[in-house]
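Observations on chain architecture
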Amino acid sequence: MSDSFAASPAASSGDYSADSASDKPVVIRSAADITQLVNRGAAKISDARIVIAIALGGVFLDAYDLGALAFGMKDITRQFGLTPSGAGFVASAITFGAIVGALFGGYLTDKIGRYRVFMADMFFFVIAALACAFAPNEWVLGGSRFVMGLGVGIDLPVAMAFLAEFSKLQGRGNKASRVAMWCPTWYAAISVSYLLVLLLYAVLPATHTDWLWRLILGFGAVPAILIIVIRHRYMNESPVWAANQGDLQSAAAILRKSYNINAVVADDADKTPQVKVRKAAWRNYGTLLQGVYLRRTVLATVTAVASSFAYNAVAFGLPVILSSFLKQSMISTILFSLGLNLCFAFVGGLIAVRYVSKFGAWKMTYAGYACQLVAMIGLALVGRPADGGEAAISIAMLALFLFGQGFGPGSHTMTFASLSYPTSLRGMGVGFNQTLMRSSSTLSLFLFPVLSAALGTGVFWVIALAPLAGLIVLTAVRWEPSGYDVDAEDFNAEAGH
């Protein structure tokens, strides 16, 4: 088949209805028919839910590594004699790798397919996690985390594409709620890393606490290997992407296997009126800044950059904030961090999944940024707590920040990035978003140790600028991707061409 595919402007040629999940053959005549079948949820018991769960594996590993390193940074800094800038280098190396990975991963996701990219990127995690565990110095550690970042950057565009393209448009399990699942998955992984830190901290002899960070980072190779095995067993190519390449037979086969839809390609499928579907090319990054996609890209990018900058500073700095600013011991720091993530960030993420189809991503993101702005101002005004009352206020502000992140920008920056573009642009759209988002993460992770050392609690005034920027761009651009059939734009000659 050729790289480009032509399809009818509408999906009316397909023979499907509400009972399409029955044993009656469903006739496919165009790529638009494949998209409509997925969007309408015309499936019975299938592997689609398993595919969704597997797609979140890379997100889990990314968050696990962030949480693990957050508790290990003090020991790493002491063991390698790092300056604040050296600590920033080690902390931000993974996000710098993710910048490069996202740029190429977005292109490859649209060019060679979701499945091939998805099966390859986990090997970066395995190799890098083991290298981190045995790193003899900060340069090897930073380089290993850069390699891990390549895997993270490549994985996110394809993961978001799978979440969008294996989900229906409306109802339970819709695209917006499935994409938002990345957020509670992230917080669950952070919590797992905290629990593992707590376990190892309890069992390791006091003379070997310097092993803690090595064991935690190296353990990341275990779930990565499991994910590779499970992906090999259950993953298939996205039927929507395969159809867009003109390979209707493969798309129909995927529907039969993963969706249990008895899809067959009509003999006259190639004879219907056709419109060229956009080919994957580097110039498509420029398309994201043209026509109807410009406003969407601005909104998705600014909200992602603002969210990433603020969250990485607070999440990565949480153990530092609790142990230094609030004068907590190691055990209480771990328990407080675990409790804040589970009770506020994780719960907020679940609320986003449940209610995004009702309230919309725009409103929830706006409310989340408002909570974060209040939280940062509150932390800045309290400063270093002088008594138990001020400490309680500071912890409440951290909880408010994480809750706002969970139900707001933490969940829906990916909603904007994934559902603002049709199938032909989705990989590169998420890749572009992740490139800039990871740039913000790199800056945040590098600057937080430096600014924290220089400004103390005044660093919260700097972090407060991020949610303020998010509120400004949301006020200027009111775009709601939830419930909108963006994939239909691939079959509309006027949309984005």
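Residues numbered from 1 in each chain as written. Predicted model: local features only at pLDDT ≥ 70, side-chain atom pairs only at ≥ 80, totals over all residues. Heavy atoms only, no water.

Looking at an unreviewed UniProt entry, one finds the protein named MFS transporter, with Rahnella woolbedingensis as its source organism. As stated in UniProt under Subcellular location (unreviewed entry), the record for the protein gives "Endomembrane system". (UniProt positions renumbered as here; feature names shortened; annotations may be inferred.)

1. Notes on the side chain of Asp 487
Assignment of secondary structure puts Asp 487 in the segment after helix H20 (459-476). Side-chain polar atoms of Asp 487 contact the side chain of Thr 423, separated by 2.9 Å. Sequence-distant contacts of Asp 487, defined by excluding residues within four places in its chain, comprise Thr 35, Asn 39, Lys 175, Pro 422, Thr 423 and Arg 426. (Helix = DSSP H or I, 4+ residues; strand = E, 2+ residues; numbered from the N terminus. Polar contact = N/O pair within 3.5 Å; in protein donor to acceptor, adjacent residues only side chain to side chain. Contact = heavy atoms within 4.5 Å.)

2. Some words on the packing of helix H5 (residues 114-133) against helix H10 (residues 221-234)
Where H5 meets H10, the axes come as close as 8 Å, and the angle between the chain directions of the two elements is 160°. Considering their axes alone, H5 and H10 lie roughly antiparallel with respect to each other. Crossing hand, H5 versus H10: left-handed. Listed contacts from H10 to Tyr 115, Phe 118, Met 119, Asp 121, Met 122, Phe 123, Phe 125, Val 126, Ala 129 and Leu 130 of H5 are Ala 221, Ala 224, Ile 225, Ile 227, Ile 228, Arg 231 and His 232. (Axes fitted to C-alpha atoms, helices over the stretch in contact; angles between N-to-C directions. Parallel < 35°, antiparallel > 145°, perpendicular 65-115°, else oblique. Left-handed = near helix turned anticlockwise from the far one by under 90°.)

3. Here's the deal with the pattern of salt bridges
Counted according to the given criterion, the structure contains 3 salt bridges. Notably, a salt bridge pairs Asp 487 with Lys 175, separated by 4.0 Å at the nearest N-O pair. Here Asp 487 is found in the segment after H20, whereas its partner Lys 175 is found in helix H7 (residues 175-180), with 312 residues between them in sequence. Residue classification places Asp 487 among the buried positions, given a relative accessible area of 2%. Beyond isolated ion pairs, a larger network of salt bridges with shared partners links Lys 175, Arg 426 and Asp 487. (Salt bridge = Lys/Arg side-chain N within 4 Å of Asp/Glu carboxyl O. Buried < 20%, exposed > 50% of the residue type's maximum accessible area, 1.4 Å probe, protein only.)

4. Some details on helix H9 (residues 212-219)
When you tally the buried positions in H9, you get 6 out of 8 residues, the bulk of the element. Restricting attention to buried positions, one finds in H9 the residues Leu 212, Trp 213, Arg 214, Ile 216, Leu 217 and Gly 218.

5. Focus: the packing of aromatic side chains
Aromatic ring pairs are defined here through the distance separating the ring centres and the angle between the ring planes. Counting across every chain of the model gives 14 aromatic pairs. Ring geometry for Trp 362 and Tyr 366: centres 5.2 Å apart, planes at 25°, overall stacked. With a gap of 4 residues between them, Trp 362 and Tyr 366 both fall in helix H16 (residues 361-382), about one helical turn apart. Here Trp 362 falls in the buried class, since its relative accessible area comes to 10%. Aromatic pair Trp 479 and Tyr 484: ring centres 5.4 Å apart, planes at 80°, arrangement edge-to-face. A residue is classified by how much of its surface remains accessible, and Trp 479, at 13% relative accessible area, is buried. The rings of Phe 104, Tyr 107, Trp 282, Tyr 285 and Phe 432 are connected pair by pair, giving a single aromatic cluster. Here the guanidinium or amino end of Arg 296 rests over the ring plane of Trp 479, the centre of that ring lying 4.2 Å away. (Phe/Tyr/Trp six-rings, centres within 6.5 Å; stacked < 30°, edge-to-face > 60°. Lys NZ or Arg CZ within 6 Å of the ring centre and 35° of its normal.)

6. Some remarks on a nonpolar patch on the surface
On the surface, Phe 219, Val 222, Ile 225, Leu 226, Val 229 and Ile 230 cluster together to form a nonpolar patch covering roughly 520 Å² of accessible area. Take the nonpolar patch: its biggest share by element is 5 residues, from H10. With respect to the helices, strands and loops of the structure, Ile 230 is situated in helix H10. A residue is classified by how much of its surface remains accessible, and Ile 230, at 40% relative accessible area, is partly exposed. (Patch = residues over 30% accessible without salt bridge, like charges linked within 9 Å, V, L, I, M, F, W, Y side chains within 5 Å. Areas by Shrake-Rupley, 256 points an atom, 1.4 Å probe, with all protein chains shown as cover.)

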